[in-house]
Amino acid sequence: MKCYIICLLGLLMISCDFDFEDQVNEEPDGERLVLIYGFISPDEEMITVAVSRTISVFDTDVNFDEVSIISDATVIIQNENGEQIQLIYEPTNKQYEAPASSFAIESGQSYTLMVTANGKEFMSTCTIPEQKIEDISSDIGFRLDSNGSRTENLSVRFDDISGENNFYIVGAQYRSLSFPGEASTANFDIERFATDINGDGLSVTANGQVFGTEEGLEVTIKIAHVDELIYRTLRASFLNEDQESGNPFFQPIIPPNNILGEGGYGVFAGFRITERQEELTL
Amino acid sequence: MVLKSLNGYTQETILDKEISIIQDDVSIAQILTDLEARLGFTTGYSNTSIDLSRKVSVNLENKKLSQVLRTLFPSKLFQFKVLGKKLLIYKRLQKYTISGYVSEKGSEEYLSNVSIYIKEQKAGTITNDYGFFSLSIPEGEHKLLISFIGYKSLEKNIDLTADRALNFNLELDTQYLDEIIISSDQEAQKSQVTQMSSERINPSVIADVPTILGEKDAIKTLQLLPGVQAGNEGSAGFYVRGGTPDQNLIVLDEATVYNTNHLFGIFSIFNGDAIKSVEMFKGGFPARFGGRLSSVVKIDTKNGNKEKFAGKANISLISSSFLLEGPIKKEKTSFVVSGRRTYVDLLLRPLMTNDDRFGYHFTDVNTKLHHVFNDEDKLYWSVYYGKDKFSSRYTFESEEVKQKIQWGNITSTLRWNHEFNNKLFSNTSLIFSNYKFTIGESNTVANTSSVLDTSSGIDDYGVKLDFNYYPNPDHILKFGLISTYHNFTPKAIIIETSDESDITNTQKIRTLESGLYIEDDWRVNDQFSVYPGLRLSHFKHRSKEYFKPELRFSMAYRIRPSLAIKASYAKMNQYIHRLSSSGLGLPTDLWISSTDRLKPQLSEQFALGLAKDFGDDVYEVTLESYYKKMDDIIDFKEGASFARLDGIRDVTNSIQGVDFVNGITTGQGWAYGTEFLLRKKRGKLTGWLGYTLSWSQRQFEELNQGRKFNDRYDRRHDASVVMIYKPNKKITLSGNWQFSSGINFNIPNTIGVNPENYFPIEPGISGPETLFNIDKNNFKGEDFHRLVLGVQFHKITKRNRERTWGFSFYNVYSRKNVFYYEVRNFEDSSENGLFKSFLLQFIPSFNYNLKF
């Protein structure tokens, strides 16, 4: 009987386990695009837009860090009144920036982005969300993950903004109360991306993995109420990276695009952000 | 010429001449002689059909000759005609109806689609789904031929002088036993029936066609037909003429089945032992079917042996099954019960520790009771239960996590057959169908406990009335109505924790779907037949109502006796939809309903084809081209749902995160192609060769930036060869080979900066770059081909039991058929390559079957 079981298991393992073969020669060549990300908010001190190039994933002898930068683009944002501001390339952050104090980004208002890069013109518009999250509560504890491993956990709760479909990005920085030093980032995994899908106006919870809870933590929680395009862009990026190996059922997600102009891709959209800092102990 | 005709028409004949006649108790012959003399005509008549010796009394004054004759021959069967000075008296033949049931000798199992044919009259019919037939033919002596492939034909001479109730028993023909029986209509040949785009499979085919791990699989056998394509390697989902799996209406004993897969699609839920017949429609849908766009698969289970107890037991590599049937009251009441269970979990149990356990199995149970009240009334009650169960338990000191995933169907149908008269048959069905998918997790950590339950499902409660009316041999009218109450639970979430307030959130959608239909299988003449139909479908969700008339039409024109041109048109609406995150038919897929915001899906399909029978009806060939346009089809928006299956919590999150209202986009689809099927139906070697050339495209406003794209399962070429060889009664050799063009994959082929780098909330883990693609289905995968071989050794034991050893060899030459592609670094460099992964290479298996 035991022999049969071993044979059966062996057979099933050999037959049903995924196996990998050598590379496929006829790969689908990647796109060469001007990639534009502009996430703007009334709650931020800087207005920023990133303009870069893409390469094919199968390109050889190409240093992506070197070729991706576009530092000579013209980036202009215009408000509903036709007032404009040009953003200047900042090499440290590798993006185009302007202080918010010189050009007001206001909730509920629409803005137009105009970019000239690689000899082509691109354009996009967005509207800043009206509201942001009011109250955030949190605590630390333990939970078992799906593999049965015990993990230290930061639980964040907030009330959904009622009356509309909402999309949120959740994050937190923390440092030990006993040994304050450089802040670490809580890992919310897929729970970083939250919606009101379970009911309009209901409480929304996200759990993130932290370390050092026994000494207590000082946490800075940030929750952004974002345009759906930002939610889908960041979530696509997270899932494409997270699931790109080992999940045979995963379909790579095509990120959204609201950049007009041939050869342009990316998202220009607005968000509101709420921040809360508190000390938590077990 | 016209004037001459009119003159002739208005001319007075001897029938209009008035005459008086008074006679008492004299023969009709004497009266006619008297009339001949007075009016100057002669009479002609047939001695065999007209009796002139009958004595009558008449007293008529100034009556036309026609009135006098009608007094002598009051029956309207007698007709009078004048040819010059000759009066012809003749009798039209009286028509009578023969009706009854055809069943299998020895078991009394009713047989559907049996041909009842009278060659001299060129008249015939076939039995309906419940074995009933009705045929109206002229009085007189006739020779009936009752035939059904796989059974010995029966000839019956009848002298028809009145309506007759006749039941026939057909005996299994051992010469053709287990021979391949795949025909849309056993009455005659493909060229003789109006219906096109349909196929029928009998259980013997399912038993003989080898599939994976020795399981008899009806769905995988269907996948070998042209126009029907499998999904990924190993999947039991099927794609018919460019449709999606949720566009297939799968009906088990009149109940809709929502989930047809076990073990993520490697097996279908239909236990081959319990099946009586499988019928599939790919187009030209009869009006009695509706509610899905792409196909109808009708599966009927056995009624049970009314004569004696019988059964089957089967043991295979991963499962065992049984079937038991017999009479509860002989010739009146019968039962059948069959079951199947996999046992890999039981085998693995001794190898696991108490701290960490997991298990998976699936179960199917089919039961049926059949009771015959009398010739007019019969009752059927059938139940199906099927469930997949996965469970796991992890413990660490005092902490514990228990997880379970379950999904499955329950269907139950109560049917009442009633014969109103010998021309009108009815079936009334009360139908229940349930599909439920649940995920449960309980946690006990640090003295706190929590329970999380997520589920989705659907409950159907339906009533269906079907009538079959046989006015004459040229028409079979079918009409009826169906009404189904759908109770959807797209998502139900219960979270209970010891230190927080409980959360319960259940979403419900309640709808009513109804249909009223009429169709007529009308044989206009020997060359031409039509099959028109109309279905009025109605759907109601709260105050929103959809009323959609659907026209159906098929026609056949026989250029030669065995060669027909066929054409069909069908309009279909679909009010319930499955949202699939993977397209693979995973249990995480959700069934949802049309609402005021989500319109029903619509399709229109045109088909044109040729059907020819040749080689003494041993061979048949069909060639069909189709064009299908689909509107308001649905899909998830990009990334609105995904299958993240790293752990049970991921599955739970996948379901919780699905936004089935805002996460959906609607669009349109096009599918067109040509199918070829050559089939050998009789002989030691049987089988078929199928080929499909097809295209399937989609366009959604919010997918692929609104541009048209090729569907994932857009396969240009699809071919299959199925062969079953029975050199003698002791051995069956079988094999099938399949070839398909590659399907389309999304391959992330572009590197860009990670947008997370530019958002002010830092993620926990994130790289500087991101991989993505901007064109949907941007890569055509490798071609697929696979050979499966099987051999069965049969033996009749001394106790007259049939014992079969079966061996099957899946993917004989170990073709590495791609399951998915992955972009990865080469081991020795930072450069990327595209790698393919595959599964289900060469798999040998065996099974042992005992029939008693």
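Quantities reported herein were computed from a predicted structural model and do not represent experimental measurements.

Asks: Mind showing me how you'd approach the overall build of chain A here?
Replies: Of regular secondary structure, chain A possesses three helices and 17 strands. Taken over 282 residues, chain A has a buried fraction of 39%.

Asks: Mind showing me how you'd approach the confidence of the model for chain B here?
Replies: Interpretation of this model should avoid reading the predicted coordinates in detail wherever pLDDT is low. All names here are of chain B. On average, residues of chain B score 85 in pLDDT, and 91% of them reach the 70 mark or higher. Every residue in residues 1-9 is under pLDDT 50, and counting partners more than four places away or in other chains gives zero contacts. Across residues 176-187, confidence stays below pLDDT 50; counting only partners more than four residues off in sequence or on other chains, it has 49 contacts. Interface scoring of the predicted complex returns ipTM 0.92; its pTM is 0.84.

Asks: Please clarify how the sheet that holds strand S4 (residues 55-56) of chain A should be interpreted in this entry.
Replies: The pairing of strands in a sheet happens through backbone hydrogen bonds and is either parallel or antiparallel. Read from one edge of the open sheet, three strands run S4(A)-S47(B)-S48(B), paired in antiparallel fashion. The open sheet is flanked by S4 of chain A together with strand S48 (769-772) of chain B, the only strands paired with a single partner. Relative to S48(B), strand S47 (residues 750-753) of chain B runs antiparallel, the two being bridged by four bridges. Pairing of Val753(B) across the sheet is with Glu769(B), part of S48(B).

Asks: Would you mind going over the nonpolar core with me for this structure?
Replies: Taken as a class, soluble globular proteins show a tendency for nonpolar side chains to be buried jointly. By size, the foremost hydrophobic cluster in this structure holds 142 residues, and its most contacted members are Ile36(A), Val51(A), Tyr168(A), Ile169(A), Ile230(A), Ala218(B) and Leu222(B). Sorting elements by how many residues they give to this core places helix H3 (residues 228-242) of chain A first, with seven residues. In terms of domain composition, this core takes at least three residues from each of domain 1 (2-130 + 226-273) and domain 2 (136-225 + 275-280) of chain A. Dropping the residues within four chain positions of it, Ile230(A) is found in contact with Phe39(A), Val267(A), Ala269(A) and Phe271(A). Ile137(B), Ile146(B), Tyr151(B) and Leu170(B) belong to the second largest nonpolar core, which has 21 residues in total.

Asks: Is there a simple way to think about helix H2 (residues 28-39) of chain B in this case?
Replies: Note on helix geometry: an α-helix contains 3.6 residues per turn, so any two residues three or four positions apart are oriented the same way. All names here are of chain B. Spanning 12 residues, H2 covers 16 Å between terminal C-alpha atoms, matching the ideal 16 Å at 1.5 Å per step. Buried residues in H2 make contact with strand S1 (18-27), strand S2 (42-45), strand S3 (55-64) and helix H3 (65-72). Where H2 ends, the next residue or the one after it, glycine 40, has phi of about 75 degrees, a positive value.

Asks: Just to check I follow, could you spell out the environment of Glu12(B) for this structure?
Replies: Residue and element names in this part refer to chain B. Summarising the element assignment, glutamate 12 is placed in the loop between helix H1 (2-10) and S1. Under the C-beta neighbour-count criterion, glutamate 12 is labelled exposed, with 7 such atoms within 10 Å. Along the sequence, glutamate 12 and valine 82 sit 70 residues apart, while their C-alpha atoms lie 11 Å from each other.

Rules used in this analysis
Residues numbered from 1 in each chain as written. Chains lettered and ligands numbered in written order. Predicted model: local features only at pLDDT ≥ 70, side-chain atom pairs only at ≥ 80, totals over all residues. Helix = DSSP H or I, 4+ residues; strand = E, 2+ residues; numbered from the N terminus. Buried ≥ 20, exposed ≤ 12 C-beta atoms within 10 Å, placed from the backbone. pLDDT = per-residue confidence, 0-100. Contact = placed C-beta atoms within 7 Å. Pairing = 2+ DSSP bridges. Core = buried A, V, L, I, M, F, W, Y, C linked by C-beta atoms within 7 Å. Domains from an automatic or database assignment. Expected span 1.5 Å × (residues − 1).

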